[in-house]
Amino acid sequence: SIDKVLEQLRPLVERGEITAWVELEGCAGEFAETPSSLTPELKSALEKKGIRRLYSHQREAYEVARQGRNLVVVTPTASGKTLCYNLPVVERLLEQPDKRAVYLFPTKALAQDQMAELLDLEELLGRPLRINTYDGDTPSDKRRRIRRDARLILTNPDMLHSGILPHHPKWVDLFQNLDFVVVDELHTYRGVFGSHVSNLFRRLKRVCRFYGSDPRFICTSATIANPGELAEKLLNEEVHLVDRSGAPRASKDLIFYNPPLVNPQMGLRRSALGAARSLAEKFLRRDVQTLVFATSRVNVEVLLRYLQKTIDRHPGKPPKVRGYRGGYLPRTRREIESQLRNKEILGVVSTNALELGIDIGSLQACVLAGYPGTVASTWQQIGRSGRRSGRSAAILVARNLPLDQFIVSSPEYFLNRSPEHGLIHPDNLQILVAHIKCAAFELPFEKGESFGDENLPEILDFFSEQGTLTRTGDSWHWSEESYPADTVSLRNISEENFIVFNLEDSNRAIAEVDFDSAPELIHDDAIYMCEGRQYFVDRLDYQGRKAYVRPVDVDYYTDAITYSGLRVLVSDDNHALDRETVEHGEIHLAKKFPGFKKVRFHTGENLGYGKIELPVHELHTTSYWFTVPESVLEELGLTRSQIVVGFLGLSYALHHVATLTLMCDFRDLGRSVGDRSNRWFALGGPEGLGFYSSSGDQEAVHPEGFDTFDPTVFLYDNYPGGIGFSEKLFDCHSSLLAQGLQLIEHCGCSEGCPSCVGPVNELGRGTKKFSLGILRALIRPKPVTVQ
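Residues numbered from 1 in each chain as written. Predicted model: local features only at pLDDT ≥ 70, side-chain atom pairs only at ≥ 80, totals over all residues. Heavy atoms only, no water.

Undergrad: So what exactly am I meant to see when it comes to the sheet that holds strand β26 (residues 546-552) here?
TA: Whenever strands of a sheet pair, they do so through backbone hydrogen bonds, lying parallel or antiparallel. What the five strands build is an open sheet, ordered β23-β22-β26-β25-β24; its pairing is mixed. Either end of the sheet is taken by a strand with one partner, and the two such strands are β23 (508-513) and β24 (527-530). Ignoring which end each strand starts from, the neighbouring axes of this sheet average 40 degrees apart. Two strands pair when backbone bridges link them, and strand β22 (residues 498-502) and β26 are joined in this way by four bridges, in the parallel orientation. Counted as the bridge partner of I499 is K546 from β26. Across the sheet, helix α13 (residues 297-311) lies against β23, β24 and β25 (533-541), angled at about 70 degrees from β24, the strand it touches most. (Pairing = 2+ DSSP bridges. Helix = DSSP H or I, 4+ residues; strand = E, 2+ residues; numbered from the N terminus. Axes fitted to C-alpha atoms, helices over the stretch in contact; angles between N-to-C directions. Contact = heavy atoms within 4.5 Å.)

And the structure:
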């Protein structure tokens, strides 16, 4: 069936819609004998599972772990990484009944998936290993038994942070005998989350030393550029790298698809969602089990609705296609995972929630509705189709965005590119100080201790002056009644998620929405979508963190409009170049949600606007920015408004280019165009060009009325306190401008488009010309007047 679908796609190569068709060859694999030192029970259990030999990387990982060394295993999806840690850990538990182990997974779903694998192994062994999951869903009576009896505990960093380390006196047996800590999906511990987790490991090792244990760490990861460096920075220890995979791999057709142009002058292409829908339908109609990845929760629900209307045509029968994303209740997600494994459903539309190593069986096809944002994530999603045998296919569908268009037009860049670096900044002062308080609550700090690279005694004395700690001799003790870990989120989002209630079903809870997404998804009059169904939001109780909805059936969905104003707080460094000043430092960001638009299904037609009245979200972070004096811009012969339009266009291009320069996710950065003196910032919205005060409130300000004019482009870290991206952009400012110029010059549109300077409205005609003029003025010594 999959061969027939691929034959149907061949003509798209001649039409230019398929820009690359790469046949990834399979390989037979590299094997090693099962270690002779392996305990007989474990060897017998492996043979019952059909495992009589190991892959070479599994054998290497086993040997390194037996030597008592830390290691990180970096091999492709479905290469048997689980056995790399299960083998040495389970063997140690069999050999020494007093030993303990902790498995850390970034999500509850991964922990539940691994639990099933371990229970199967336990049954084959015929000996109890006393395995338990310990997370926020664990009942209180069961928690006491787990603390007392469990030898292998599956949990997540959040639970270790707030539920285990602060209560270590209740876990004496665990910390006295902790021998292994497994850290799965290492590549997810980057950015602000990874910075928090690095401090979490500092606290974990500190508690272990107090009880006399010194656990070894076994990490696994998808392919990233710096796995060894990331692991060592996370753990602050030496780590052995295992990165040569011995697993067999099936052949796979990797296809890059660029939807056809519908407006060549504007550079507008057919919707990526529509194209992904058509491609997925080709597989689904041939009964090819297919996974479709979308880049947002809204897109998941839109695609799901499309596919269910064309594939699920029999009322009363269970759906063949289902959705999967954060916000679905846990039991719903577990049910969908099981149905995929057991071939009970034909397809799933998912966010990147299914990107990680949850066992969903062997799928034949995978369609990516948009570039996921990183090379590593793209390979992870591609790897979900096809396992170790049989033909499979993966299709990347490009959107009208610069990164997507760059990838599909330069496939060799993607295929030859090392995946992104995992970057963390554990000594970010805001993050570090939060964990120092948590650590002080867990154990008093003693003179001579260290915790990160900052001056610890100075921080401890500061807290003593504030009354948070009490110094007694050479010790600092926690002195407040508060519980510090409870106020620190490892992911820098509020713990207070919004609960969605169905008014027409006895106020039954149907989903939850995280704090940051609530203003965009469940504002008053929004159309909230869940499992393909539409709900109208009657009321959002912002203070109570509740949304009340009722089912509807309408032909549109809603999309929130946002803008961000910022103020410069501190400039940490600056360079005065020939034509601009480049700086990086700290800023204050105010994010506002003025309204939303109604978008018709299928056509994308704008049906109107509505207002959103919600509080401003604020953020203190770091930014890189550059300012161009008006004396340079006067040579272009443009009005101030035209200059601002040009700056909005070039900031759009630079934002996308910066993610390639940094090898980070597009969402890790934010952008803004404004005034270095904090007087105004600009927004090119659906109603034209608008100017707002830097506080985030709309005011009657306009650059034409100011005596001086110093337009500035800001690219800022989208996390509290920053994670180091801004300083890197500051260091590569010149190359960033050159790459932005190249991106815009090589785009085939005439006025500007979403693939270079962003969507262009009537007021923005000429955005591309204005942006090019400004960039050429900065890069070239004698700019030419813009005609």
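Undergrad: Any chance you could explain the packing of helix α5 (residues 81-95) against helix α6 (residues 108-125) here in plain terms?
TA: Angle between the axes and distance between the axes: these two values describe a pair of packed helices. Where α5 contacts α6, the axes come no closer than 12 Å and their chain directions differ by 45 degrees. Taken together, α5 and α6 sit at an angle that is classed as oblique. As for how α5 packs across α6, the hand of that crossing is right-handed. Contacts between α5 and α6 pair T82, Y85, N86, V90 and L94 from the former with Q114, E117, L118, L121 and L125 from the latter. Residue composition of the contact of α5 with α6, grouped by class: six nonpolar, three polar and one charged. (Parallel < 35°, antiparallel > 145°, perpendicular 65-115°, else oblique. Left-handed = near helix turned anticlockwise from the far one by under 90°. Nonpolar A, V, L, I, M, F, W, Y, C, P; charged D, E, K, R; others polar.)

Undergrad: Would you mind showing me how to read helix α3 (residues 40-48) here?
TA: For an α-helix the count is 3.6 residues per turn, leaving residues at separations of three or four pointing the same way. Looking only at α3, the buried set comprises L42, A45 and L46. For α3, the angular spread of buried residues about the axis comes to 100 degrees, placing them on one side. More than 90 degrees from the buried face of α3, the exposed residues found are P40 and K48. For α3, the elements touching its buried residues are α5 and α6. (Buried < 20%, exposed > 50% of the residue type's maximum accessible area, 1.4 Å probe, protein only. Arc of directions from axis to C-beta.)

Undergrad: Would you explain the pairing of β22 in this entry?
TA: Burial of β22 is extensive: four of the five residues sit out of reach of the surface. Two strands pair when backbone bridges link them, and β22 and β23 are joined in this way by five bridges, in the antiparallel orientation. Looking at the pairing, V500 lines up with A511 of β23. A loop of five residues connects β22 with β23, the two strands running antiparallel in sequence, and S506 in this loop sits at a positive phi of about 55 degrees.

Undergrad: How should I be thinking about the pattern of salt bridges in this particular structure?
TA: For side chains bearing opposite charge, pairing can occur when the charged atoms are close. Inspection of every chain in the model, using the stated rule, returns 34 salt bridges. R305 is the salt-bridge partner of D553, the closest N and O atoms lying 3.1 Å from each other. Here the residue D553 occupies a position in the loop between β26 and β27 (556-576), and R305 occupies one in helix α13, the gap between them amounting to 248 residues. Of the residues examined, D553 reaches a relative accessible area of 65% and is grouped as exposed. A residue is classified by how much of its surface remains accessible, and R305, at 12% relative accessible area, is buried. One continuous salt-bridge network, built from bridges that share partners, spans K205, D214, R216 and E237. (Salt bridge = Lys/Arg side-chain N within 4 Å of Asp/Glu carboxyl O.)

Undergrad: Whenever I open this one, the nonpolar core confuses me. Can you help?
TA: Side chains of a nonpolar character, in soluble globular proteins, are inclined to be buried together. Counting residues in each nonpolar core, the largest one holds 92 residues, and the members touching the most others are L9, F283, V397, V500 and I522. At eight residues, the largest contribution of residues to this core is made by helix α12 (residues 272-285). Counting 52 residues, the second-largest nonpolar core is a separate cluster that includes V192, Y624, L654 and C749. (Core = buried A, V, L, I, M, F, W, Y, C linked by side-chain atoms within 4.5 Å.)

Undergrad: Can you walk me through the packing of aromatic side chains in this structure?
TA: Aromatic ring pairs: the centre-centre distance and the angle between the two ring planes describe each pair. Under the counting rule described, the total for this entry stands at 18 aromatic pairs. Both rings, one in F462 and one in F463, keep their centres 5.8 Å apart while their planes meet at 55 degrees; by these two values the pair is tilted. Here the aromatic cluster, defined as three or more aromatic residues joined through ring pairs, consists of Y85, Y103 and F105. Over the aromatic face of W21 sits the side chain of R10, whose NZ or CZ is 3.7 Å from the ring centroid. Taking the ring centre of Y134 as reference, the NZ or CZ of R143 above it sits at 5.4 Å. (Phe/Tyr/Trp six-rings, centres within 6.5 Å; stacked < 30°, edge-to-face > 60°. Lys NZ or Arg CZ within 6 Å of the ring centre and 35° of its normal.)

Undergrad: I tried to follow the packing of α12 against α13 on my own but got confused; where do I start?
TA: Following both chains from N to C, one finds α12 and α13 inclined at 40 degrees, their axes separated by 10 Å at the closest point. In this view, α12 runs oblique relative to α13, as classed from their interaxial angle. Every pair of crossing elements has a handedness; the one defined by α12 and α13 is right-handed. Of α13, the residues touching α12 (which contributes L273, R277, A280, E281, L284 and R285) are N299, V302, L303, Y306, L307, T310 and I311. By residue class, the composition of the contact of α12 with α13 is eight nonpolar, two polar and three charged.

Undergrad: What am I meant to see in the pairing of strand β21 (residues 475-478) here?
TA: Note that strand β19 (residues 445-446) and β21 share two bridges and pair antiparallel. Across the sheet, residue E446 finds its bridge partner in β21, namely S475.

Undergrad: Explain the side chain of K205 here, please?
TA: Along the polypeptide, K205 turns up in helix α10 (residues 191-211). There is a polar contact of 2.3 Å between the side chain of K205 and the backbone oxygen of L235. When sequence neighbours within four positions are dropped, the list of residues in contact with K205 reads F217, L235, N236 and E237. (Polar contact = N/O pair within 3.5 Å; in protein donor to acceptor, adjacent residues only side chain to side chain.)

Undergrad: I tried to follow unusual backbone geometry on my own but got confused; where do I start?
TA: Most peptide bonds adopt trans geometry, and most residues besides glycine take a negative phi value. Non-glycine residue S506 carries a positive phi angle of around 55 degrees. Positive phi outside glycine occurs at N507, with the angle close to 55 degrees. With respect to the helices and strands, N507 occurs in the loop between β22 and β23. Judged by its relative accessible area of 38%, N507 falls in the partly exposed class.

Undergrad: Got a minute to help me understand the sheet that holds strand β8 (residues 178-183) in this structure?
TA: Reading across from one edge, β6-β7-β5-β8-β9-β4-β10 is the order of the seven strands in this open sheet, with parallel pairing throughout. With one partner strand each, in any of the chains shown, β6 (131-133) and β10 (240-242) form the two edges of the open sheet. Averaged over all neighbouring strand pairs, the angle between strand axes comes to 15 degrees, with direction disregarded. Here β8 pairs with strand β9 (residues 216-221) via four bridges, running parallel. What sits directly across from F180, in β9, is R216. Against the sheet, helix α11 (residues 227-235) touches β4 (71-74), β9 and β10, its axis set at about 145 degrees to β4.

Undergrad: Explain the side chain of T351 here, please?
TA: Within the secondary structure, T351 is located in the loop between β16 (347-350) and β17 (365-369). Looking at T351, the relative accessible area reads 9%, which means it is buried. If we ignore the near neighbours within four places in the chain, the residues touching T351 are F293, A294, S296, R297, V300, Y324, R325 and G326.

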